[in-house]
Amino acid sequence: MKIINFTPRLYQETILDTSKKYNTLVVLPTGLGKTNISLLLAAHRLTNYPTSKILLLAPTKPLASQHLTTFQKYLNIKKDKLVLFTGSVAPKKRQELWRKAKCIFSTPQAISNDIINDRIKLEEISALIFDECHRAVGNYDYVWIAKQYQKKSHFPRILGLTASPGSD
């Protein structure tokens with residue numbers, strides 16, 4: 001999978017090298033390219049696991065949509081392989097879109113419901129990316145989704161992105 005019209009900065013390449021090998025928490029101030037690091041990891045994972053999917057979760061529909069736009073701009077892939085899941089997309093439609101998609105951008109609530117109702121297969125995901133991952137505490141859906149993913153994925157990799165990590 002190729003990246004187009006984007007040249008990563010040295011620190012982004014360094015973080016990418018770590019995230020290729022290990023689950024990684026990226027803490028960078030707003031505007032320094034956390035989304036682009038997720039883009040680079042997605043391209044790497046899709047190259048190494050061509051039948052897999054990428055799942056990027058964001059706490060709000062506008063943030064999920066913003067990530068989709070970035071991937072559309074820089075990832076050399078057919079646009080219909082990049083899909084946005086939110087609660088406003090009917091569950092049956094999400095299931096249908098899942099089958100054809102390579103990269104799914106979603107709110108965690110939609111994905112939790114789809115996992116519970118067996119509409120998606122976490123084992124197909126080669127990279128699970130959490131934007132605003134500082135929210136992954138307590139009963140927030142990120143925590144449950146990550147646990148399910150770790151149990152089911154054949155080649156798990158988790159990337160957390162945040163500008164403001166919490167104390168726990």
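A brief report on the enclosed structure follows. Nothing here was measured: the structure is a model prediction, and the numbers come from that model.

Cut-off values and rules
Residues numbered from 1 in each chain as written. Predicted model: local features only at pLDDT ≥ 70, side-chain atom pairs only at ≥ 80, totals over all residues. Heavy atoms only, no water. Phe/Tyr/Trp six-rings, centres within 6.5 Å; stacked < 30°, edge-to-face > 60°. Helix = DSSP H or I, 4+ residues; strand = E, 2+ residues; numbered from the N terminus. Buried < 20%, exposed > 50% of the residue type's maximum accessible area, 1.4 Å probe, protein only. Axes fitted to C-alpha atoms, helices over the stretch in contact; angles between N-to-C directions. Parallel < 35°, antiparallel > 145°, perpendicular 65-115°, else oblique. Left-handed = near helix turned anticlockwise from the far one by under 90°. Contact = heavy atoms within 4.5 Å. Nonpolar A, V, L, I, M, F, W, Y, C, P; charged D, E, K, R; others polar. Core = buried A, V, L, I, M, F, W, Y, C linked by side-chain atoms within 4.5 Å.

## With respect to the packing of aromatic side chains
- Following the criterion strictly, the structure yields six aromatic pairs and no others.
- Arranged with centres 6.3 Å apart and planes meeting at 50 degrees, the rings of Phe-85 and Trp-98 form a pair that is tilted. With Phe-85 in strand β3 (residues 82–85) and Trp-98 in helix α4 (residues 91–100), this pair connects stretches of sequence that are 13 residues apart.
- A residue is classified by how much of its surface remains accessible, and Phe-85, at 0% relative accessible area, is buried.
- Taken together, a centroid distance of 4.6 Å and an interplanar angle of 50 degrees make the contact between Phe-130 and Tyr-142 tilted.

## Here's the deal with the packing of helix α1 (residues 10–21) against helix α2 (residues 34–48)
- Closest axis-to-axis distance for the α1/α2 pair is 10 Å, and the angle between their directions is 45 degrees. Looking at the two axes, α1 sits oblique to α2. Taken as a pair, α1 and α2 cross one another with a handedness that is right-handed. Across from Gln-12, Ile-15, Leu-16, Ser-19 and Lys-20 in α1, the residues of α2 making contact are Asn-36, Ile-37, Leu-40, Leu-41, His-44 and Arg-45.
- Across the contact of α1 with α2, the residue classes break down as five nonpolar, four polar and two charged.

## Observations regarding the nonpolar core
- Phe-71, Leu-75, Leu-82, Cys-103 and Phe-105 are the most contacted members of the largest nonpolar core, which has 28 residues in total.
- For this core, the secondary structure elements donating two or more residues are α1, α2, β2 (53–57), α3 (61–74), β4 (103–106), β5 (125–131) and β6 (158–162).
- Discounting residues that sit within four places of it in the chain, Phe-105 has contacts with Leu-56, Ala-64, His-67, Leu-68, Phe-71, Leu-82, Val-83, Leu-84 and Phe-85.

## A look at unusual backbone geometry
- Phi is positive for Asn-5, close to 55 degrees, though the residue is something other than glycine.
- Considering the arrangement of structural elements, one finds Asn-5 in the segment before α1.
- Exposure remark for Asn-5: the relative accessible area of 68% places this residue in the exposed category.

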